[in-house]
Amino acid sequence: MKLELRGVRKGYGGVEVLHGVDLTAEGGRVLAIAGANGAGKSTLIKVLAGAVPLDGGEILLDGEALTLRGPEDAQGLGFRTVYQELSLVPQMTVTENVLLGALPTKRGLVDWSAAHARVRALLEEIGFADIDPRVRAGKLSVARQQMVEIAKALAVEPRMLVLDEPSAVLAGTDLDRLFDLIRRLRERGVAILYVSHRLAEVMEISDSITVIKDGRVVDTLTPARTSEDEIIALMAGRRLEQIYPDRVPEPGKPLLSVRGLSRDGVFDDVSFDLAAGEIVGMFGLVGSGRSEVARCVFGADRPTSGTVELDGAVTRFRTPGDAIGAGVALVTEDRKHSGLVLGMDVTDNTTFATMTRISRAGLLDIRRRAANVQDMIERLGIHPPRPEIPVRHLSGGNQQKVVLAKWLLTRPRVLILDEPTRGVDMATRVDIYRMIDELTREGVAILLISSDLTEVLGATDRVLVMRGGRLVAEVGSADTTEDEVLAHSVGVAA
Amino acid sequence: MTQQRTSVVLDTDSGEVAGAAAPASARWRVAVPSPTVLVLIGAAVAIVVVAGVTNDSFLTEGNMTNLLRQMVSTGLLALGMLLVILTGGIDLSVGSVVALTGIMSAGLVSGLPLPLAILVAIVVGVLCGTVNGVMVARFSLAPFVVTLASMTTFRGLTYVYSKTPITPTTPDFLTLGSQDVGIIPIAAIITLAMFALGWVLINRTSAGRALLGIGGNREAVRLAGVKVRRHLVLAYALSGLCAGVAGVILASRVGIAQPSVGQGFELDAIAACVIGGASLSGGRGTIGGTLAGVVLLGLIDNLLSLYDVQSYWQQVLKGLIIAVAILMRRGERQNT
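Residues numbered from 1 in each chain as written. Chains lettered and ligands numbered in written order. Predicted model: local features only at pLDDT ≥ 70, side-chain atom pairs only at ≥ 80, totals over all residues.

**A few points about the pairing of strand 21 (residues 414-418) of chain A**
Residue and element names in this part refer to chain A.
Now for step 1: Of all five residues in strand 21, five are buried; the element is thus mostly enclosed.
Now for step 2: The sheet contact formed by strand 18 (residues 328-331) and strand 21 spans four bridges and is parallel. The residue bridging L330 from the neighbouring strand is I416, located in strand 21.
Now for step 3: This β-α-β element, strand 21 to helix 15 (residues 426-441) to strand 22 (residues 445-450), shows right-handed connectivity. (Buried ≥ 20, exposed ≤ 12 C-beta atoms within 10 Å, placed from the backbone. Helix = DSSP H or I, 4+ residues; strand = E, 2+ residues; numbered from the N terminus. Pairing = 2+ DSSP bridges. Right-handed = clockwise from strand over helix to strand, strands pointing away.)

Listed below in structure tokens is the structure:
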């Protein structure tokens, strides 16, 4: 199978996003697509999925012109797409989600045992036999949901599989299992398009890499004959001198102390300190309890036992509002689900956490609000710089900047960032690391939760490692290796 | 979505550099109605012109006053309904609250001074709304079910209070509903004032933004420190307040309080919000749109009566007009 895009153009509301993209995907090969935010990756994926019509150019399948009138057409041809945003129905079981609309029947009734067996076999095939097909999809962790999503795409043998940022929620062994799967699919002759910001992965898994920038293909490279630096330079259109700022750890006085914090069935007896001006990383596989610890510290969930001390005094945050008032901020891991109100504009989203502060007698000071928002748009380089645009229309990286802006406006003393660079392009990531570094100079304490090993070591002063709901190790970022941290996180002595 | 487009155009018209004049564009945006509202206003004007030309009794003072008076109930209920709809909820109980507060004000006025009787009735309305709000917020029950139950309960309480219609003993009771300032009924002035307050609430207070945020993404605003439950209770309580005011005014206009009054009022209120661009899933809706929806519905009712259309056909036509209005909005949304 050979799929070619020739001069594909696509725009929305008069703004062209793809300016004539040429691309070739072949059966039995993994093509990676790399590009910064707003480069047009998402639009390209939608074109391939038949989700949006073309404005110009053509798609050729084995040399013959092809018209995709809708997602059904694409699926009928065996083109499967796993989007970055999960599209499972949380109230339905894994089986129902995977076989949605194609449940096996016997005498007109759904044959549940056959259905579950079928899905179990699929999950086994993708290396996730530990997922129970009878469980509701919403009960699974995001990483597990992602795998269910992939199982769904494989329910009908695909000819082409498009994976949009699959590693955004996967880490460690989960990612290895995904790569095994990709290699098996490649041997079976499936064409694979792997879209990712994470260049280490791209280099590892792909046969060729197409870099797009501003809606155009810049170059197509072979991993053996290129380097991460070269790709980054192509993506950014400039050479990024240094990804992580140089840090000389100078922890000030302790700000936040967590003592024996537990939440039944989620995590147990977690204790750590954060000092002013310090960046502490927290690493752990998905399900290790990292995000849950953060939520409890922030008052979003109730701990079963344990205390949180701020400035040496025990505090009890009963609601996020209490935590915000005390100077603690939490950037949650899933911005669409818990970070943004997508239908509302940049102004509202930027000021949700501070709007009561800029109110007098209940009335918003709208001049001050506009000034604050403008300030943040400039400081974080939110693009386009229009406060009245619904955040739904912003790219992933800019949405993340809006979330950051919301929390920076609260002037936090303790800033907890849960996967702040997920689905964010390299140039924006560098901006975020730089911003975090600057905050520490003002005495802010940072807790950076991440499943990206390179990031968790590169951007922090020391790293806490969690495994199975417990804090199992603490290492200095400069004195350790990725292997050591990973070993701690999976419980193998380094 | 549609609003943003307007302001983009304004920015370029006034030659401002993108984003450099945020406060100015924020103010502009408010001054220019969204296309939805403009379409509705256009439709209303067209109806008025056609009706004025073809029907002699339409543009008379009497009919105009009457028309305004008829819009008051739907208007007040739609205003309260909008606040609830913004949060992603719905309030089916408002028709029953109209009956309960109406009959209580008419009954109480025989024993209490007029202002106090009215106040008590309105407070009862607020309490009804608060009960709805607490059930929805504290016990996380579905608004549809909660207010369906309370719709029946409040109607029952109305009959418990009085099985027969009550004629208020104080003639002054009728002032609120039947007196005019010039040709404008006092009740219409009150309604407009409440819409103005509603506009301020939604656009200029943190509580108003919180209501929209709750409807858009409840978890996100909760994590931003917004007290979600408190704001939900507020929305339903204000809906009760609006229904209370509507109930008193209606009893005062008719001159007799019926325990059976107000059935189906909630549907007109919801229709007005939806025609005006509110989304029943929450997070979207405007005061201007809702007001335009109320006016359009009022005009349709008034005209169909003037043309002596049989009341069954009135219902058919009204239903069709609502459907068309919503279809038009759908097309508009897809274009943006």
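**Looking at the interface of chain B and chain A**
Now for step 1: Each partner contributes residues to the interface: chain B has 30 residues there, and chain A has 38 residues.
Now for step 2: Elements represented by at least two residues in the side of chain B that touches chain A include exactly helix 1 (2-13), helix 2 (22-31) and helix 10 (206-223) of chain B.
Now for step 3: Ranked by the residues each element gives to the side of chain B that touches chain A, the list is headed by helix 10 of chain B, at 12 residues.
Now for step 4: For the side of chain B that touches chain A, a count of residues per class yields 12 nonpolar, 11 polar and seven charged. (Contact = placed C-beta atoms within 7 Å. Nonpolar A, V, L, I, M, F, W, Y, C, P; charged D, E, K, R; others polar.)

**As for the pairing of strand 16 (residues 305-310) of chain A**
Residue and element names in this part refer to chain A.
Now for step 1: Across five bridges, the pairing between strand 13 (residues 254-263) and strand 16 is antiparallel. Along strand 16, the bridge assignment pairs R259 with T307.
Now for step 2: Inspection of the sheet shows strand 16 paired to strand 17 (residues 313-315) by three bridges, in the antiparallel sense. Bridge pairing in strand 17 links V308 to T315.
Now for step 3: Counted between consecutive antiparallel strands, the loop separating strand 16 from strand 17 contains two residues, among which D311 sits at a positive phi close to 55°.

**Considering the sheet that holds strand 13 of chain A**
Residue and element names in this part refer to chain A.
Now for step 1: Spatially, the four strands line up as an open sheet ordered 14-13-16-17, and their pairing is antiparallel. A single partner strand is all that each edge strand has here, and the edge strands are strand 14 (267-275) and strand 17. Along the sheet, successive strands turn relative to each other by an average axial angle of 25°, direction set aside. (Axes fitted to C-alpha atoms, helices over the stretch in contact; angles between N-to-C directions.)

**Brief notes about the domain arrangement of chain A**
Residue and element names in this part refer to chain A.
Now for step 1: Its domain assignment divides chain A into domain 1 (2-236) and domain 2 (254-490).
Now for step 2: Once you take the C-alpha centre of each, domain 1 and domain 2 turn out to be 30 Å apart.
Now for step 3: Contact residues are listed per partner, giving 20 residues for domain 1 and 20 residues for domain 2.
Now for step 4: Contributions of two or more residues to the side of domain 1 that touches domain 2 are made by helix 5 (142-154), helix 6 (172-187) and helix 8 (228-236).
Now for step 5: Grouping the constituent residues of the side of domain 1 that touches domain 2 by class yields 10 nonpolar, seven polar and three charged. (Domains from an automatic or database assignment.)

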